[in-house]
Amino acid sequence: MMLAFGAWVSPAADAAEIGLNRVNLGWQKPAERQAIIDAMKKSGVASVRLSLSAPVEPSLDAVRIAHEAGLRILLEISLNNRDFYPEDTKRRSAKGKSFDAFRLSDLDPERYRVVIRDALAKLDSQGIALVAVEPGNEINWAGYNGDLAVSHRKDSTETGDPAKIAQGLDRYVDIVRVTHEELQASRLNRDAKLISAGLADMPIPFSRRIGLAIIPAPEWTAQMQRRGLDQFVDAYGIHLYPGGNHTRASRDGLVRDVLSFCGTDKAGKPCWITEWGVANTSATCPIEDDRRTVLIDQVRAVIDRDIEAGRVTAAYYFDWDSPTPYSVWRCGGLSPAGRAAIRPMAD
């Protein structure tokens, strides 16, 4: 057992993955990759969510660096990789509202298999075992799924072509199946957890205002379940951004609502929160992070209760150091909010 602030840590907490996101690390120069991972390790980070994004080789190098530093790794597989689609496939235009996205309905499971098989073989050859693999990201939102509608009409209720959305769901469950098969064929990663894509928690009224359609996570998950998802995955991925402009009671309610579809190993599947975060727009140094630290402690309290209940088995804060209000690497060090996000769970 581990000790945290002199308190006994529960078995449920001991088994949970508590970590941080550092996506697209492969896009950094090699020395920068190493410096970022070194800083994470020195700051007490134990588990990290990294991306297998194109180009694949630098992404795998980032995984190697994290592994050599002793970090546990959740590998998110970006579906924004042209090699997963027929050569003449075009992205759906986001009309300037987001980046242009591929359609899930255009995914080619066998092209996907070639890339994943090769990546897992390279990880095997380097002695790298992953904690988990997560194919895709926010596939229930138009920002990452070109089958979902982009609209310039204010408060549009359009979601997209139902037939294409259904085909995309079919294709997605196909690539989850392929991922499961390739993990089972791996020498070192057959025991890695398989997590369905972390789903966006954006409120429908907000998505309509910005013209990017979303299908709520419980509904999207139910549609994947009807296609056989549960026979392949160990947990459902979900993202959680409760915001800071609420009372504590309303914020707790928002978190509970987002996690309402999570089950347990005994009834359904638990959730992995593969992104969660609270914003701090302050750009001062030293950082003024007291208010965000309080909010993060409040959100962690709700998450921790679900960890104890077995409904949540991982929580990765978003994010480490990107130039967004959510980052926790500020002014050359891990902010107080960052320390609160990755603290061990005390009983």
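Residues numbered from 1 in each chain as written. Predicted model: local features only at pLDDT ≥ 70, side-chain atom pairs only at ≥ 80, totals over all residues. Heavy atoms only, no water.

Draft legend 1. Layout of the overall build of the chain. Per the secondary structure count, the chain includes ten helices and twelve strands. By the compact-globule yardstick of 20 Å for 347 residues, the chain fits well, its C-alpha radius of gyration being 19 Å. The dimensions of the chain, computed from C-alpha atoms along their principal axes, are 55 × 50 × 45 Å. Here the chain holds 347 residues, and 55% of them are scored as buried. Accessible surface for the chain amounts to roughly 14900 Å². Of this, 52% is attributable to carbon and sulfur atoms. The centroid of the 44 positive side-chain charges in the chain is displaced by 3 Å from the centroid of its 46 negative side-chain charges. (Helix = DSSP H or I, 4+ residues; strand = E, 2+ residues; numbered from the N terminus. Rg over C-alpha atoms; globule rule 2.2 N^0.38 Å. Buried < 20%, exposed > 50% of the residue type's maximum accessible area, 1.4 Å probe, protein only. Areas by Shrake-Rupley, 256 points an atom, 1.4 Å probe, with all protein chains shown as cover. Lys, Arg positive; Asp, Glu negative; His and termini not counted. Charge placed at Lys NZ, Arg CZ, Asp CG, Glu CD.)

Draft legend 2. Local environment of the packing of helix α8 (residues 248–258) against helix α9 (residues 290–309). Put simply, α8 and α9 touch, their axes get as near as 10 Å, and they point 40° apart. Our classification of the angle between α8 and α9 gives oblique. Where α8 crosses over α9, the two elements pack in a sense that is right-handed. Counting all contacts with α8, which are made through Arg248, Arg251, Asp252, Val255 and Arg256, the residues of α9 involved are Leu295, Gln298, Val299, Ala301, Val302, Arg305 and Asp306. (Axes fitted to C-alpha atoms, helices over the stretch in contact; angles between N-to-C directions. Parallel < 35°, antiparallel > 145°, perpendicular 65-115°, else oblique. Left-handed = near helix turned anticlockwise from the far one by under 90°. Contact = heavy atoms within 4.5 Å.)

Draft legend 3. Examining the pattern of salt bridges more closely. Following the criterion strictly, the structure yields 23 salt bridges and no others. A salt bridge links Arg111 to Asp108, with the nearest nitrogen and oxygen atoms 3.6 Å apart. On the accessibility criterion, Arg111 (30% relative accessible area) is partly exposed. For Asp108, a relative accessible area of 23% corresponds to the partly exposed category. Among the salt bridges present, the one from Glu181 reaches Arg113, with a minimum N-O distance of 2.9 Å. Here Arg113 lies in helix α4 (residues 109–125) and Glu181 lies in helix α5 (residues 162–185), a separation of 68 residues in the sequence. The partly exposed category is assigned to Glu181, whose relative accessible area is 31%. Several salt bridges converge on common partners, so that one network encompasses Glu110, Arg113, Arg117, Asp174, Arg177, Glu181 and Glu182. (Salt bridge = Lys/Arg side-chain N within 4 Å of Asp/Glu carboxyl O.)

Draft legend 4. Representation of the side chain of Ser335 within the structure. Position of Ser335 among the secondary structure elements: in the loop between β12 (333–334) and α10 (336–341). The exposure class assigned to Ser335 is buried, which follows from its relative accessible area of 2%. In this structure, Ser335 is in contact with Ile287, Asp289, Arg292 and Val328, ignoring residues within four places of it in sequence.

Draft legend 5. Layout of the sheet that holds strand β7 (residues 193–194). With parallel pairing, the eight strands of this open sheet are ordered in space as β7-β6-β5-β4-β3-β10-β9-β8. Each edge of the open sheet carries a strand with a single partner, namely β7 and β8 (236–240). Relative to β7, strand β6 (residues 132–135) runs parallel, the two being bridged by two bridges. Bridged to Val133 within β7 is Leu194. (Pairing = 2+ DSSP bridges.)

Draft legend 6. Looking closely at the pairing of β6. Every second residue of β6 is oriented toward a common face, with Ala132 and Glu134 on one face and Val133 and Pro135 on the other, all of them buried. The sheet contact formed by strand β5 (residues 72–77) and β6 spans four bridges and is parallel. Following the sheet pairing, Ile77 is matched in β6 by Pro135. With respect to chirality, the unit in which β5 leads through α4 into the neighbouring parallel β6 is right-handed. (Right-handed = clockwise from strand over helix to strand, strands pointing away.)

Draft legend 7. Unusual backbone geometry, seen in detail. Following Cys285, the chain continues to Pro286 via a peptide bond in cis, the omega torsion being 0°. Tracing the sequence through the fold places Pro286 in the loop between β9 (271–276) and α9. Following Phe318, the chain continues into Asp319 via a peptide bond in cis, with omega recorded as 0°. Here Asp319 shows up in the loop between β10 (312–317) and β11 (329–330). Positive phi outside glycine occurs at Asn24, with the angle close to 55°. Tracing the backbone shows Asn24 in the loop between β3 (17–21) and α2 (30–42).

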